[in-house]
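# A structural walkthrough
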Amino acid sequence: MAMRSRALEARGGLAVGVAVVYAWVAGGFERFSWPATASVFLPGALAVVAAGRRRPAPPAVPAREVDPRGAVLWLALFLGFCAWELEAFVQQPSPTEGSWDHPTLSVLADPVLASHPARSLALLGWLAMGWSVLRR
Amino acid sequence: MSSRAVTIAGFLLLALAGLGLHLRARRPGSRVPRFGDLLGALLETRRGRVGVVLVWWWLGWHFFAR
C-alpha cells in the first residue's frame, strides 16, 4: 500500500516536471509559428481523445442537483461571451492581426503574455486546468 | 465613447454578470447552480466531458497559438 502510494507520488511529481519543462519550452516559441501551434494542438488532441475514451467514474460525493432553468443563465452568459469575442474577432484586419478598436480578449492579454516567463506560466496554468478537468 | 472602450466595457459587463451569477448561486435555496456543480454535472457524461475539454482547448489555441 505504501509502495503504491509512493509510486503514485513519483508519477505525479514526474508529470508536474514534464508539464513545467513543456510550458517553458512552448512558451519560448514565437506566436503564429508552427511550433507554437503544435505545442497547443498536441496536448489538446490528447485530452479530447482521453475525455472521449474514459468512462466517467461515479463521483465520490454525489453531485448536487442542477436546476436546468438556473443553468440556462450560465449558458446565456457563456454564449454572450462567445458572441462578444466573435464580434471583436471578425472586425480584425486578419485572423492573425489584432484590432486596436475591437480587441479580443487575447489581444488585450498580449502585453501580459509578451514575455517568455509570463507566457510559460500561463501555459502551465492552462495545462493544469486541462489536467484537473480530466481527473474529475 | 470609442469602439475600443465599448468593446472593453462589454467584456467588463460580462465579467460582472458572471460575478453576479456566482453570488446569486451562493444564496441558500437559489435556483442558479454553482459553477462547480454545473461543471461537475457536465463532466458526468462523455459528451459533456468532451465539450468541456474542447472549450479548454480553444482557450489555449486562442491565447497561445491563434
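Up top is the structure.
### Looking at the layout of surface pockets
If you add up the space inside the largest pocket, you get close to 1,300 Å³. Considering the residues around the largest pocket, the lining is formed by 36 residues, among which Phe78(A), Phe81(A), Cys82(A), Val55(B) and Leu59(B) are closest to the centre. Looking at the lining of the largest pocket, the elements that each hand over two or more residues are α3 (68–90) and α5 (116–135) of chain A together with α1 (3–26), α2 (35–42) and α3 (46–65) of chain B. By residue number, the principal contributor to the lining of the largest pocket is α3(B), which donates 11 residues. A per-class count over the lining of the largest pocket returns 27 nonpolar, 6 polar and 3 charged. Along the walls of the second largest pocket sit 21 residues, with Ala15(A), Ala19(A), Pro43(A), Leu127(A) and Trp131(A) positioned nearest its centre. Every element with two or more residues in the lining of the second largest pocket is listed here: α1 (2–27), α2 (34–53) and α5 of chain A.

### Looking at α5(A)
All names here are of chain A. Taking 1.5 Å of rise per residue, 20 residues should cover 28 Å, and α5 covers 28 Å from first to last C-alpha, within 8% of that figure. What α5 keeps buried is the set Arg 119, Ser 120, Leu 123, Trp 126, Leu 127, Gly 130, Val 133 and Leu 134. Along the long axis of α5, the arc covered by the buried residues comes to 145°, so they all point the same way. Summarising the geometry of α5, the exposed residues directed more than 90 degrees from the buried face are Leu 121 and Arg 135. Between a side-chain oxygen at the N-terminus of α5 and the backbone nitrogen of Ala 118 the separation is 3.3 Å; the capping residue is Ser 115.

### Here we look at empty space enclosed by the protein
The tally for this structure, following the rule as stated, stands at 1 cavity of 30 Å³ or more. In this model, the largest cavity occupies a volume close to 40 Å³. Forming the walls of the largest cavity are Ala26(A), Gly27(A), Phe29(A), Ala36(A), Ser39(A), Val40(A), Arg119(A), Leu123(A) and Phe64(B). Breaking the lining of the largest cavity down by element, the ones donating at least two residues are α1, α2 and α5 of chain A. Sorting elements by how many residues they give to the lining of the largest cavity places α2(A) first, with 3 residues. Tallied by class, the residues present in the lining of the largest cavity amount to 6 nonpolar, 2 polar and 1 charged.

Analysis parameters
- Residue positions are counted from 1 within each chain, in the order its sequence is given.
- As they are written, the chains are lettered A onward and the ligands numbered 1 onward, keeping that order.
- Whole-chain, interface and lining totals are the exception, using all residues; otherwise, since this is a predicted model, local features are given only for residues with pLDDT of at least 70 and side-chain atom pairs are given and counted only at 80 or more.
- By convention in this description, side-chain values take in all heavy atoms of the structure and omit both hydrogens and water.
- Both cavities and pockets are sets of points on a 1 Å grid over the protein atoms alone; in a cavity a 1.4 Å probe fits but cannot get out, in a pocket the set is open with protein on both sides within 12 Å along at least five of seven lines, and lining residues sit with an atom within 4 Å of a point.
- Grid points are joined across faces, edges and corners, and a volume is the space filled by probe spheres set on the points.
- Secondary structure elements follow DSSP: runs of H or I of four or more residues count as helices, runs of E of two or more count as strands, with numbering from the N terminus.
- Any residue that is not Ala, Val, Leu, Ile, Met, Phe, Trp, Tyr, Cys, Pro, Asp, Glu, Lys or Arg is counted as polar, Gly included; the first ten are nonpolar and the last four charged.
- A helix is expected to span 1.5 Å for every residue after the first.
- Per-residue accessibility, obtained with a 1.4 Å probe over protein chains only, is compared with the maximum for each type, and a residue is labelled buried under 20%, exposed over 50%, and partly exposed between these values.
- In this description, the arc belongs to the directions extending from the helix axis to the C-beta atoms.
- The definition of a polar contact used here is a pair of N or O atoms within 3.5 Å, where within protein one atom must be able to donate a hydrogen and the other to accept one, and adjacent residues in sequence count solely through side-chain atom pairs.

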